[in-house]
Amino acid sequence: PRLGGPAPVGSYLLGDSIGLSIGPLLSVYGYPVTAIVGQSLNETYLREHLTTDTAQQAPSWIIELGTNNRGNPADVARLEAWIDLVDSLRVRQQVYWITPYRPPTYRGGLSAWTLDSFDAELARLADARPWLSVIDYASLARQNPQWFDADGAHLHPDSAGHQVRGRDTARKAPAVRDRSVP
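Residues numbered from 1 in each chain as written. Predicted model: local features only at pLDDT ≥ 70, side-chain atom pairs only at ≥ 80, totals over all residues. Heavy atoms only, no water.

> How should I be thinking about the packing of helix α2 (residues 43-50) against helix α4 (residues 73-89) in this particular structure?
Helix-helix packing: each pair is described by the crossing angle between the helix axes and the interaxial distance. In the contact formed by α2 and α4, the axes pass within 10 Å of each other and the chain directions differ by 15°. It follows that α2 is roughly parallel to α4 by the angle criterion. Relative to α4, the crossing made by α2 is right-handed. Seen from α2, the contacting residues are E43, L46, R47 and L50; seen from α4, they are W82, L85, V86 and L89. Counted by class, the contact of α2 with α4 contains six nonpolar, no polar and two charged residues. (Axes fitted to C-alpha atoms, helices over the stretch in contact; angles between N-to-C directions. Helix = DSSP H or I, 4+ residues; strand = E, 2+ residues; numbered from the N terminus. Parallel < 35°, antiparallel > 145°, perpendicular 65-115°, else oblique. Left-handed = near helix turned anticlockwise from the far one by under 90°. Contact = heavy atoms within 4.5 Å. Nonpolar A, V, L, I, M, F, W, Y, C, P; charged D, E, K, R; others polar.)

Below you can see the structure in the form of structure tokens.
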């Protein structure tokens with residue numbers, strides 16, 4: 001929901017390097033993007049960036065974080081506190097959280113856990129919060145393993161996977177007025 005007239009910016013995306021990869025597409029639709037390579041979900045990052053003028057003026061927020069977290073039981077247990085922090089920082093914003101995904105071929109330092117429990121907890125928590133919506137990228141990614149290198153080293157999808165992720169996000173989170181998303 002919006003208060004007053006149209007926001008001067010589209011939805012504000014806060015993310016990691018995958019956010020940087022879909023950033024150019026989202027910028028075309030007026031979405032400001034703040035993202036850092038290798039960034040994990042944590043209180044400091046949320047607090048530092050969601051309190052900026054750009055974030056506070058945005059009609060909604062897109063959170064693209066979690067891929068660089070372990071996804072272990074401790075992370076899953078912390079998720080509710082992180083979501084409660086997001087709630088405490090927002091003025092009126094609807095929040096869209098993109099489910100993180102790591103392909104089963106990934107063999108890096110975070111490979112001890114999948115993100116399935118994290119994503120399930122995110123969906124459970126969103127069900128109880130009308131201001132929080134989940135953009136289920138993980139299901140799309142599972143159905144499209146060709147988006148990911150089979151080398152076991154990469155978490156990023158290829159350009160086709162980024163295009164789908166960016167367009168799906170842009171269709172679900174409000175853009176600047178008069179900029180339609182194909």
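> What should I look at first to understand the layout of surface pockets in this one?
To find the voids left in a structure, one rolls a probe of water-molecule size over its atoms. Roughly 180 Å³ of internal volume is contained in the largest pocket. Forming the boundary of the largest pocket are 14 residues, of which R102, P103, P104, T114 and L115 lie nearest the centre. Tallied by class, residues from the lining of the largest pocket come to seven nonpolar, two polar and five charged. (1 Å grid on protein atoms, 1.4 Å probe; cavity = no way out; pocket = protein on both sides within 12 Å on 5 of 7 lines; lining within 4 Å. Points joined across faces, edges and corners; volume = space filled by probe spheres on them.)

> Explanation requested: the packing of aromatic side chains in the structure shown.
Each aromatic ring pair is described using two quantities: the centre-to-centre distance and the angle formed by the ring planes. Taken as a whole and judged by the stated rule, the model has two aromatic pairs. Plain terms: the ring middles of Y101 and F148 are 5.3 Å apart, the flat faces sit at 50° to each other, and that makes the pair tilted. With Y101 in the loop between β4 (94-98) and α5 (116-127) and F148 in the loop between α6 (137-143) and α7 (159-172), this residue pair connects regions lying 47 residues apart in the sequence. This pair shows no difference in class: Y101 is buried, exactly as F148 is. Residue placement shows R165 over the ring face of Y137; its charged tip is 4.1 Å from the ring centre. (Phe/Tyr/Trp six-rings, centres within 6.5 Å; stacked < 30°, edge-to-face > 60°. Buried < 20%, exposed > 50% of the residue type's maximum accessible area, 1.4 Å probe, protein only. Lys NZ or Arg CZ within 6 Å of the ring centre and 35° of its normal.)

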